[in-house]
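# A structural walkthrough
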Amino acid sequence: MPEQLTSQEVNSKTDPSVAKQWDNDVSTEKKFEDFYAIADKLKVGLLGTLREGTGPVHRSMAVAKRAGPDFLFLGNAHSQKFNDIEKHPEAVTVTFQNSSTQDWISVTGKAVTASNEDPRIKEIWSKGTSAWFGDLGDGVHTGKPEDPRMTLIEIQSKYISYWKAEVGALGFGKEVLGAIVTGGVANTGALREMKEDEIAQARKSDSALTS
């Protein structure tokens, strides 16, 4: 049921939607377990970079692989986003939203790029990737892993926040309607965050499992 707005929340300038859905007291293991479960269902996200003279710029990109709390993408070295990353490698974001459940993820991190000599490219490349590169027919610019344009983008997470739905579509509608009718605040899910220390530990744990 919707929870009532309190005068204390107003006087303290608290966002009641955040406060009433805040669920950060669960264990780090639980936070990452749910984070991975959401992320692994979302194959396309918005990769955001900071562009000189423009500001934040976002584009849709398919995730090539999730590596623990980090994300790997494949991009064309001729893309302007690599200029953005070179100038502002630590001003990168990745966002996802599940349109069915409304689950969402927001990642702030550092972008590290690698040329086609990085062996991980062969591991994560798929035939579908070549559709976005084209084949020049010169035996070099083929859209395959050896293509000199093929570049790895690794987003090393520094801050993660996500929201996990805890009601279905019907429950979501009832909660929102109830809030409108009663003047309460809808509570439909769990809002959590992970900072650098937790992320570093999760990265270490993932490395131990995959080594």
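Residues numbered from 1 in each chain as written. Predicted model: local features only at pLDDT ≥ 70, side-chain atom pairs only at ≥ 80, totals over all residues. Heavy atoms only, no water.

### Here we look at a nonpolar patch on the surface
- Nonpolar side chains collect at one region of the surface, where V167, F172, V176, L177, I180 and V181 lie side by side and expose about 530 Å² of accessible area between them.
- Residue I180 is classed as exposed on the basis of its relative accessible area of 63%. (Patch = residues over 30% accessible without salt bridge, like charges linked within 9 Å, V, L, I, M, F, W, Y side chains within 5 Å. Areas by Shrake-Rupley, 256 points an atom, 1.4 Å probe, with all protein chains shown as cover. Salt bridge = Lys/Arg side-chain N within 4 Å of Asp/Glu carboxyl O. Buried < 20%, exposed > 50% of the residue type's maximum accessible area, 1.4 Å probe, protein only.)

### Brief notes about the environment of F82
- Here F82 is to be found in helix 4 (residues 81-87).
- In this structure F82 comes out as buried when scored by relative accessible area, which is 12%.
- C-alpha of F82 to C-alpha of T49: the two residues are 33 residues apart in sequence and 9.0 Å apart in space. (Helix = DSSP H or I, 4+ residues; strand = E, 2+ residues; numbered from the N terminus.)

### Overview of the pairing of strand 2 (residues 44-51)
- Inspection of the sheet shows strand 2 paired to strand 3 (residues 55-62) by eight bridges, in the antiparallel sense. The residue of strand 3 that forms the bridge with G48 is H58.
- Following strand 2, the chain reverses through three residues before pairing antiparallel with strand 3; G53 in that reversal takes a positive phi of roughly 80°. (Pairing = 2+ DSSP bridges.)

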